[in-house]
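Each chain is listed here by its residues.
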Amino acid sequence: MKLNKHQLQLFEDLTQLNGIAGQEDEIRAYLKKAYSDLGLDLMFDKLGSIIAVKKSKKENAKKVFLVAHMDEVGFMVVNILPNGMIKANPVGGLNSETLLSSRVLLKTKDGRYLKGAIASLPPHLLKGAEGTKTDISNMLFDFGFISKEDALNNGVYIGAMMVIEGKMEVLNGEERILTKAVDDRYGLVLGLEMLESLKDVELDYDLYVGGSVQEEVGCRGGMTSGYLVNPDLAIVLDCSPARDTSGDTSALGQLGKGVLVRFMDGNMIAFKELLDFQVKCCEEAKVNYQYFDSPGGTDAGNIHKLRDGVLTLTHCICARSIHTCSTIFDTNDYISARESLLVMLKRLNTSEFDELLGARR
């Protein structure tokens, strides 16, 4: 199934914005305008997470929190060498083998972007095993400067954000999309679509939809925004690594096989009652779903431990080559996630809440 023009535009808009952990300003500004255009009230935590609020007319309504993280993996400038080369630390999980000779963007003090590349030596200049793998801390970022002073005069500073450049491309007759930052602009697009689709629908609960900060460095904004919202139910939208690249059809996480029923990961054992509800909604929406586990985690890991515990579900898709500038996801998976989540949010009512909240009592 193909994405419509509006969906494609949302993906292009949001994936091409740049924001590492702690510097999510561009994404927050985009969401602030989009949420405001829908006439919604806004909330902010003190770390920079943003949340739109759609209130129910029901008194003492339950709270549902739909959240995706705004930050992407990237780099922070830590040193400017005398010859103008730059050294950096990674921000988030990056595989050094995917980086050498990549083109990068550096955001200057005044908000401009400088284009450059990660320097790579030709094979005949490498010496034995020392040249087989370069640690990120030893990589040199080249923006064409001739001196440290040149770099400083061009707006480079310690702490500046850098990201790998990754233009969005539509592949295979719009069956798949290639771009950067699908983790987790997927979730932001889906959250916006839910607000648009439910704009004129009266819900039995207060709906909170937003973008958290600093997920890639420890799920920090998920915790602070979770405290702010104080939800009865949280649904975390995120993008997980596909395992089908080699052609192994038995591996969990296949492109085109639908929503991930994520039963366990590195920081949460899923609520079985919520998984059953998720599957039921997928089947009602007549979309594909697949079971999934992961050694990694999402904002759900911190949110479900707030207060005396929060009913928390992840509603994810998988993609190939996440945490790179060349992530590929299947548009059918996105549609599956969209349609099933819409069913889920429309089905939630007082009796459904009572059943879910009472399941472990």
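Residues numbered from 1 in each chain as written. Predicted model: local features only at pLDDT ≥ 70, side-chain atom pairs only at ≥ 80, totals over all residues. Heavy atoms only, no water.

Regarding the pattern of salt bridges
The criterion, for reference: By definition here, a salt bridge exists when the distance from a side-chain nitrogen of Lys or Arg to a carboxyl oxygen of Asp or Glu is within 4 Å. Only runs of H or I of at least four residues qualify as helices and only runs of E of at least two qualify as strands under DSSP, and these elements are numbered from the N terminus. Relative accessibility under 20% of the residue-type maximum defines a buried residue, over 50% an exposed one, and the middle range a partly exposed one, all with a 1.4 Å probe and only protein chains included.
As enumerated under the stated definition, the model contains 21 salt bridges in all. Between aspartate 330 and arginine 176 there is a salt bridge, and its shortest N-O distance comes to 3.0 Å. Of this pair, aspartate 330 sits in strand β19 (residues 327-330) while arginine 176 sits in strand β11 (residues 176-179), and the two are 154 residues apart along the sequence. Judged by its relative accessible area of 22%, arginine 176 falls in the partly exposed class. Here glutamate 352 and arginine 347 are joined by a salt bridge, their closest N and O atoms 3.6 Å apart. Looking at glutamate 352, the relative accessible area reads 10%, which means it is buried. By sharing partners, the salt bridges in this structure join Glu72, Lys180 and Arg185 into a single network.

As for unusual backbone geometry
With an omega of 15 degrees, the peptide bond between aspartate 183 and aspartate 184 qualifies as cis. We note that glutamate 174 has phi near 70 degrees; this positive angle belongs to a residue other than glycine. Note on placement: glutamate 174 falls in the loop between β10 (169-171) and β11. The backbone phi angle of serine 321 is positive, close to 60 degrees, even though this residue is not glycine. When you line up the elements, serine 321 lands in the loop between β18 (317-319) and β19.

Observations regarding the pairing of strand β9 (residues 161-164)
Keep this limit in mind: Two strands pair under a simple rule: DSSP has to find at least two bridges between them.
Of the two faces of β9, both are covered, the one formed by Met161 and Val163 as well as the one formed by Met162 and Ile164. Where strand β6 (residues 103-107) meets β9, 3 bridges bridge the pair, whose relative direction is antiparallel. Bridge assignment links valine 104 to a residue of β9, and that residue is isoleucine 164.

Looking at the nonpolar core
For clarity, the cut-off: The nonpolar core is taken to be a set of buried Ala, Val, Leu, Ile, Met, Phe, Trp, Tyr and Cys residues, with the residues joined through side-chain atoms within 4.5 Å. Residues are treated as being in contact if the distance between any of their heavy atoms lies within 4.5 Å.
Counting residues in hydrophobic clusters, the biggest one holds 79 residues, and the most contacted among them are Tyr186, Tyr334, Leu341, Leu345 and Leu348. Filtering out sequence-adjacent residues up to four positions away, leucine 345 remains in contact with Val64, Leu66, Met194, Leu198, Leu203, Tyr205 and Ile235. With 22 residues, the next largest nonpolar core counts Phe75, Val77, Ala88 and Val156 among its residues.

With respect to the packing of aromatic side chains
We apply this condition: Any two of the Phe, Tyr and Trp rings considered here, Trp counted by its six-membered ring, make a pair once their centres fall within 6.5 Å; the pair's planes then place it as stacked at under 30 degrees, edge-to-face at over 60, or tilted in between.
Within this structure, the stated rule accounts for 7 aromatic pairs. On the basis of an interplanar angle of 80 degrees and a centroid distance of 6.3 Å, the ring pair of tyrosine 289 and tyrosine 291 is categorised as edge-to-face. According to the relative accessible area criterion, tyrosine 291 is partly exposed, its value standing at 44%. Members of the aromatic cluster, joined through ring pairs, are Phe11, Tyr186, Phe329 and Tyr334.

A short note on the sheet that holds strand β12 (residues 205-212)
Using the following cut-off: Structural elements are reduced to axes, namely lines fitted to C-alpha atoms, with helices fitted over the stretch in contact, and the angle between N-to-C directions of any two is expressed from 0 to 180 degrees.
Within the open sheet, the 6 strands sit side by side as β1-β2-β12-β3-β13-β17. Their pairing is mixed. At either end of the open sheet lies a strand with only one pairing partner, and these are β1 (41-44) and β17 (311-314). Across this sheet, the average inter-strand angle for adjacent strands is 20 degrees, counted without regard to direction. Direction of pairing for strand β3 (residues 62-69) relative to strand β13 (residues 233-236): parallel, over a ladder of 4 bridges. Bridging from a neighbouring strand, phenylalanine 65 pairs with alanine 234 of β13. Sheet strands touched by helix α9 (residues 350-358): β3, β12, β13 and β17. Its angle to β3, the strand with the most contacts, is close to 75 degrees.

Section: the state of the cysteines
Applicable threshold: Only a pair of cysteine sulfur atoms within 2.5 Å qualifies as a disulfide here.
The tally for this structure, following the rule as stated, stands at 0 disulfides. Not engaged in a disulfide, the cysteine cysteine 219 finds its nearest cysteine sulfur in cysteine 316; these two sulfurs lie 11 Å apart. Note on cysteine 318: no disulfide assigned, nearest cysteine sulfur contributed by cysteine 239 at a separation of 7.4 Å. For cysteine 318, a relative accessible area of 0% translates into the label buried.

Observations concerning empty space enclosed by the protein
Put simply, the rule is: Detection works on a 1 Å grid of protein atoms alone, calling trapped sets that fit a 1.4 Å probe cavities and calling open sets with protein on both sides within 12 Å along at least five of seven lines pockets, with lining residues defined by an atom within 4 Å of a point. Grid points are joined across faces, edges and corners, and a volume is the space filled by probe spheres set on the points. Ten residue types, Ala, Val, Leu, Ile, Met, Phe, Trp, Tyr, Cys and Pro, are classed as nonpolar, four, Asp, Glu, Lys and Arg, as charged, and the remainder, Gly among them, as polar.
Here the structure, examined in full by the defined rule, presents 1 cavity of 30 Å³ or more. The computed volume of the largest cavity comes to approximately 170 Å³. Contributions of two or more residues to the lining of the largest cavity are made by β4 (74-80), β9 and α4 (182-197). Of the residues assigned to the lining of the largest cavity, the class counts are 10 nonpolar, 6 polar and 3 charged.

Description of the environment of leucine 94
Among the secondary structure elements, leucine 94 is positioned in the loop between β5 (86-91) and β6. Separated by 228 residues in sequence, leucine 94 and isoleucine 322 place their C-alpha atoms 9.4 Å apart. Setting aside residues up to four positions removed in sequence, leucine 94 forms contacts with Val73, Gly74, Phe75, Leu99, Ile136 and His323.

So, the sheet that holds β11
Taking strand neighbours across the sheet as the criterion, the 3 strands line up as β10-β11-β19 in an open arrangement whose pairing is antiparallel. Every interior strand has two partners, whereas the edge strands, β10 and β19, have only one. Within the sheet, the average angular offset between the axes of one strand and its neighbour, ignoring direction, is 25 degrees. In this sheet, β11 lies alongside β10 in antiparallel orientation, the contact comprising 3 bridges. Opposite leucine 171, over in β11, you have arginine 176 as the bridge partner. Across the sheet, helix α8 (residues 331-347) is in contact with β11 and β19; its angle to β19 comes to roughly 60 degrees.

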